[in-house]
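Observations on the model geometry
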Amino acid sequence: MMSEQKWITQSVADCLDKVTAPTCKLQTKDYKQSGQFPIVDQGQELIAGWTDNADGVVQSPLPLVVFGDHTRALKYIDFPFVRGADGTQLLKPKNNIVPLFFYYACKAIDIPARGYNRHFTILKEKVVSFPKSKEEQSQIATALRKIELSISLQEEELSVAQELKRATMRELFTRGLRREKQKETEIGLVPESWPLTPIKSLGEIVTGTTPPTKDRTFYDDGEFFFVAPGDFDHGTHILKTEKKITHKGLSVSRALPKGTTCFVCIGSTIGKVGYVTP
């Protein structure tokens, strides 16, 4: 059981010790698919690539927290690695702070995006709080680590289930349920008895409308879902939306019934499909 200990509040800058590390940094063009040493950079992936170049290997002091100066990505690194590209900041907390606790404390900090500008100066000005007791820090960090690992396992299981769903859909939409002969069509193989039908003949097709975002009376304290491409993953039910609109917003929008199939027809996620749950 954690005892009540005094908590200390300091700026991130005051929590850090100086890190002495090799100056060698690998450019993206030098990353390999395999090698002796993992490359850690400011990207979102834990390991960005591999190299056999031992000149830049960071072996101590470990563990370290890696911060992406441009991307704001944070990583906890407890294995030897080579630093990749520009903007990969190495953070080592002082001896009175458990590194894993410091990592989670930094992850809890809200750092607004500034495009591809640098963010490390902003991070250093932020403040973190930590228990004076390193044992209590370790208990907190361990609990958070277990939760994070549990979420990761659930995400992996979900990914496998989604792939199984896609494979099943491919089988059903090319062979049907009776495993009858197939015919080649403009959309690929389908069961021989299946007719091709234009989507427009299956129901009404309409485009959405967006109330002017500068007029907050369309949005503030809204109660009606406003479906946008970011509100659903491909092939999933739409259960909630980031934005809601008011009665006034609804009056200048195109209301759609429950059970509507939504299809993204513009932007980077074109082709994504979602279903508004009845």
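Above this text sits the structure in question.
Residues numbered from 1 in each chain as written. Predicted model: local features only at pLDDT ≥ 70, side-chain atom pairs only at ≥ 80, totals over all residues. Heavy atoms only, no water.

**With respect to the pattern of salt bridges**
Here the structure, examined in full by the defined rule, presents 13 salt bridges. For Glu171, the salt bridge goes to Arg179, with nearest N and O atoms at 3.2 Å. Residues joined by salt bridges that share partners form a network here, namely Asp69, Asp86 and Arg118. (Salt bridge = Lys/Arg side-chain N within 4 Å of Asp/Glu carboxyl O.)

**Side note on the sheet that holds strand β6 (residues 64–68)**
Reading across the sheet, the four strands line up as β2-β9-β6-β7 and stay open at both edges, with antiparallel pairing between neighbours. Each end of this open sheet is capped by a strand with a single partner; those strands are β2 (16–17) and β7 (74–77). Here two bridges tie β2 to strand β9 (residues 88–93), and the two strands are oriented antiparallel to one another. Residue pairing for β9: Asp17 is matched across the bridge by Lys92. Relative to the sheet, helix α2 (residues 99–107) contacts β2, β6, β7 and β9, its axis offset from that of β7 by approximately 175°. (Pairing = 2+ DSSP bridges. Helix = DSSP H or I, 4+ residues; strand = E, 2+ residues; numbered from the N terminus. Contact = heavy atoms within 4.5 Å. Axes fitted to C-alpha atoms, helices over the stretch in contact; angles between N-to-C directions.)

**Remarks on the packing of aromatic side chains**
Tallying each qualifying case throughout the model produces five aromatic pairs. Relative to Tyr103, the ring of Tyr76 has its centre 5.9 Å away and its plane inclined at 50°; by these criteria the two rings are tilted. Within this pair, whereas Tyr76 is found in strand β7, its partner Tyr103 is found in helix α2, the two being separated by 27 residues in sequence. Judged by its relative accessible area of 15%, Tyr76 is buried. Taken together, the ring pairs in this structure connect Tyr76, Tyr103 and Tyr104 into an aromatic cluster. (Phe/Tyr/Trp six-rings, centres within 6.5 Å; stacked < 30°, edge-to-face > 60°. Buried < 20%, exposed > 50% of the residue type's maximum accessible area, 1.4 Å probe, protein only.)

**With respect to the side chain of Gln42**
Note that Gln42 resides in the loop between β3 (37–40) and β4 (49–51). Of note is the side chain of Gln42, whose polar atom sits 3.4 Å from the backbone nitrogen of Asp69. A distance of 3.0 Å separates a polar side-chain atom of Gln42 from the backbone oxygen of Asp86. For Gln42, the residues in contact, after removing those within four places along its chain, are Gly68, Asp69, His70, Thr71, Ala73, Lys75, Asp86, Gly87, Thr88 and Tyr116. (Polar contact = N/O pair within 3.5 Å; in protein donor to acceptor, adjacent residues only side chain to side chain.)

**Observations regarding unusual backbone geometry**
For the peptide bond that leads from Ser60 to Pro61, omega is 0°, which places it in the cis range. Counting through the fold element by element, Pro61 comes out in the loop between β5 (57–58) and β6. The linkage connecting Leu62 with the following residue, Pro63, adopts the cis geometry, with an omega of 0°. Among the structural elements, Pro63 can be located in the loop between β5 and β6. With a phi close to 70°, Arg72 is a non-glycine residue in the positive phi region. Within the element layout of this structure, Arg72 appears in the loop between β6 and β7. With a relative accessible area of 34%, Arg72 lands in the partly exposed category. Non-glycine residue Arg179 carries a positive phi angle of around 50°. Structurally, Arg179 is set in the loop between α4 (134–175) and β11 (182–185).

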